[in-house]
Structures are given as C-alpha cells and as structure tokens.
2 protein chains.
Amino acid sequence: MSMETDTLPVHLPPDLADGVFPAGCPSRTVLDHITSKWGVLVLVALTEGEHRWSELRRRADGISEKMLAQTLKTLERDGLVLRKSQPVIPPRVDYSLTDRGQELSALLVPLVTWAYDNADSILKGQR
Amino acid sequence: MSMETDTLPVHLPPDLADGVFPAGCPSRTVLDHITSKWGVLVLVALTEGEHRWSELRRRADGISEKMLAQTLKTLERDGLVLRKSQPVIPPRVDYSLTDRGQELSALLVPLVTWAYDNADSILKGQR
DNA sequence: GACATATCTTACCAAAAGGTATGTACCTTA
DNA sequence: TAAGGTACATACCTTTTGGTAAGATATGTC
C-alpha cells in the first residue's frame, strides 16, 4: 500500500524499498556509530582541524578517557578519523578527519547547530 | 589558545566558546533525543508524511512496541511529532512531523542517506 | 461467550553503555 | 629520589537501555 505523490522536498534513497532500512542492514551499524552520543561530539570537535587527545577531552566536554579511546578507535576503524602518532616522549598524537570524515561532519554540523539553536525553545515545551 | 584561520567550509555556532558544548548544556539533551537510535529512524520514517502506529513499527524495522511508544512520547514532548488520535474502535492514531520536525528531518535525511551510501564501503574497511 | 482489532502500558529481566580508579611507559625537571 | 607530563589500557562496578510477555481497552463479529 502507498504510492504517495511527493509533497515534501526531502527524499530518501530511491532504491530503498518502501523507505524501510532493514534491521540487519549495514547502514544501521554505521548510523549507530555516527549518531552515538560521543561520536557526534568528537566528529564535530574535529571539524575545525587537527586536535590532540587532551584537547578532544576538553571539547567533548564530560567524556571519560575510556569513552574517548573507544570512540576514537571506532571512528578510526570506520575510516572517519586519522590518527597520527609521533614517537616522542612525552607522546604526541594528533587526530584529524579523513576526507570521508569531513564529508560526514559537513552533515553533522548543521544538525548540532540546529540542536543548539532550538534547544531552549524545545525544552521549554513551546514555540 | 587558538585563533584559527578558517580553512574549512563548515562552521559551528559563532557564539559557542571555543567550540565546546558544555556537558550540562540543553543542546546536549536535545541532541541525545534526535540522535537516538530509534529517534532517527522514526523521524526519518515520518518524512514522507503521516503514518499510523503499525506502519511506524514496520518502517522502523526491529523496534519494539515499548521503544516505539517511548520514542514517540519523547519526540511529541519535544514538539517534533504531532499525534492525532481518533476516538474510534479499534483506535486510530496518526503521527506526523510538526514544522519543527520537518526542519529537523531535512537535516537528518541527508545523514541517513550518507550512511546508507557509505555503509558497505566503511564496514569493509577501505575506500 | 470467545475472538479479533489497534494502540498502547506495565512488570520483569538481560544486555549494553559508561564511569572510576588504577596501572603502564618513558623521559624531564626539581 | 621523587614527582609530573601524555596517551592510553584494564578491571570492576553501576546505570541506562532495551527486549519479552502479559494485560488493558472498547467494540464488532461469529
């Protein structure tokens, strides 16, 4: 059922049957990574360029070391974040976005900006 | 520290000190709602118009009734989803996006589309 | 009277996420 | 000798999330 005429300007991938992302679909896994609480913050923190571990801890305010490590590992495995470690003492490691990461952050930044702009109004429960 | 010349085309809200979203910030709460696993799927499911409970269950494939109820309640409280219930037997309830919800989904759809397009390549671990 | 329908709610339990605290490595500075 | 800086890893425990299954509802249908 359904064969809606398009009334809205926003569209899903056309090759997606009935607009349903199946439960086991790979896109679900990726979506979980990139919309994870800390994933978003870290990706956004890196939009303005390279940052070190301690800078990321400050920027993703409230993140624990454990979560930062875990999040960075996932994002690196996904090819979104690039890790450059220099064999110096004390250690120095710089994190940055890959091309793919930048592509993504270009979509994420408008989202967090929207959240930032609308947060007060939303939580007060009116418009 | 920092006074970076802008090398990237993407920018955060300018009134945001050093690009840090503080931990207690209202935008964090909103961000958690709209980037939640099921929140995203439900919002996206509604981009193509009004849907009933049972249709949403199909579209947000894998969601449990409990989670659907909970997610819809949060999104309704946030003024993103509109609930229209008709006092008939059996009950009929239609869900749709509010204006604010449409604003948001316009940002969310590109994100899930990106995830869909890049998922295979990402999970294989190369580009 | 039993059953089906559609939209939920609730209680209970398992799984996952995440915090805290501690440890490691190596060099520098006091 | 001791303490401190930097980037982690690991074990343990708590909190949150989420699934399953059952029940509630009010009617019409067999």
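Conventions we followed
Residues numbered from 1 in each chain as written. Chains lettered and ligands numbered in written order. Predicted model: local features only at pLDDT ≥ 70, side-chain atom pairs only at ≥ 80, totals over all residues. Heavy atoms only, no water. 1 Å grid on protein atoms, 1.4 Å probe; cavity = no way out; pocket = protein on both sides within 12 Å on 5 of 7 lines; lining within 4 Å. Points joined across faces, edges and corners; volume = space filled by probe spheres on them. Helix = DSSP H or I, 4+ residues; strand = E, 2+ residues; numbered from the N terminus. Pairing = 2+ DSSP bridges. Core = buried A, V, L, I, M, F, W, Y, C linked by side-chain atoms within 4.5 Å. Buried < 20%, exposed > 50% of the residue type's maximum accessible area, 1.4 Å probe, protein only. Contact = heavy atoms within 4.5 Å. Axes fitted to C-alpha atoms, helices over the stretch in contact; angles between N-to-C directions. Parallel < 35°, antiparallel > 145°, perpendicular 65-115°, else oblique. Nonpolar A, V, L, I, M, F, W, Y, C, P; charged D, E, K, R; others polar. Least-squares fit on C-alpha atoms with pLDDT ≥ 70 in both. Buried area = accessible area lost by both parts, 1.4 Å probe. Salt bridge = Lys/Arg side-chain N within 4 Å of Asp/Glu carboxyl O.

## Some words on empty space enclosed by the protein
For step 1, the next point in the chain: On inspection of all chains with the given rule, the structure shows three cavities of 30 Å³ or more.
For step 2, the next point in the chain: Size it by volume and the largest cavity reaches roughly 50 Å³.
For step 3, the next point in the chain: Taken together, the elements giving at least two residues each to the lining of the largest cavity come down to helix H2 (37-45) of chain A together with helix H1 (26-34) of chain B.
For step 4, the next point in the chain: Estimated volume of the second largest cavity: approximately 40 Å³.
For step 5, the next point in the chain: Lining the second largest cavity, in full, are A:Arg28, A:Leu31, A:Asp32, A:Thr35, B:Lys37, B:Val40 and B:Leu41.

## Concerning the sheet that holds strand E2 (residues 81-86) of chain B
Each strand in a sheet pairs with its neighbour through backbone hydrogen bonds, running either in the same direction (parallel) or in the opposite one (antiparallel).
For step 1, the next point in the chain: A sheet is described by the order of its strands in space; here three strands give the open sequence E1-E3-E2 (chain B), paired in antiparallel fashion. At either margin of the open sheet sits one strand with a lone partner, and together these are strand E1 (51-52) and E2 of chain B.

## With respect to the nonpolar core
Across soluble globular proteins, nonpolar side chains have a tendency to be buried as a group.
For step 1, the next point in the chain: The biggest cluster of nonpolar side chains holds 68 residues, and the ones touching the most others in it are A:Ile34 and B:Ile34.
For step 2, the next point in the chain: If we skip the residues at most four places from it in the chain, B:Ile34 touches A:Leu111, A:Trp114, A:Ala115, B:Val40, B:Leu80, B:Leu104 and B:Leu108.

## What about the packing of helix H2 (residues 37-45) of chain B against helix H5 (residues 99-124) of chain B?
All names here are of chain B.
For step 1, the next point in the chain: Where H2 meets H5, the axes come as close as 9 Å, and the angle between the chain directions of the two elements is 110°. Considered as vectors, H2 and H5 are oriented roughly perpendicular to each other. Two secondary-structure elements touch here, H2 through Val-40, Leu-43 and Val-44 and H5 through Leu-104, Ser-105, Leu-108 and Val-112.
For step 2, the next point in the chain: Partitioned by chemical class, the residues of the contact of H2 with H5 number six nonpolar, one polar and no charged.

## Some points on the relation of the copies chain B and chain A
The second copy of the chain is related to the first by a rotation about an axis and a shift along the axis.
For step 1, the next point in the chain: Laying chain B over chain A is done by rotating through 180° and shifting 0.0 Å along the axis; what remains is an RMSD of 0.1 Å. A rotation of that kind, with that shift, is consistent with a two-fold axis. Measuring from the rotation axis to each C-alpha of chain B, the shortest distance belongs to B:Thr35, at 2.6 Å.
For step 2, the next point in the chain: Looking at the interface residues of chain B, 100% of them are also at the interface in chain A, so both copies use one shared face.

## A word on the interface of chain B and chain A
Where the parts come together, the accessible area they lose is often given as the size of the interface.
For step 1, the next point in the chain: Opposite the 65 residues of chain B that make contact, chain A presents 65 residues.
For step 2, the next point in the chain: Taking both sides of the interface into account, the surface hidden between chain B and chain A amounts to around 6,100 Å²; carbon and sulfur atoms contribute 64%.
For step 3, the next point in the chain: When the area that chain B buries against chain A is broken down by residue, the three leading residues are B:Arg100, B:Trp114 and B:Tyr116, summing to 13%.
For step 4, the next point in the chain: Linking chain B with chain A are zero salt bridges.
For step 5, the next point in the chain: Among the elements of the structure, H1, H2, helix H3 (53-59) and H5 of chain B are those that each provide at least two residues to the side of chain B that touches chain A.
For step 6, the next point in the chain: The dominant element in the side of chain B that touches chain A, judged by the number of residues it contributes, is H5(B), at 23 residues.
For step 7, the next point in the chain: Here the side of chain B that touches chain A is composed, by residue class, of 33 nonpolar, 15 polar and 17 charged.

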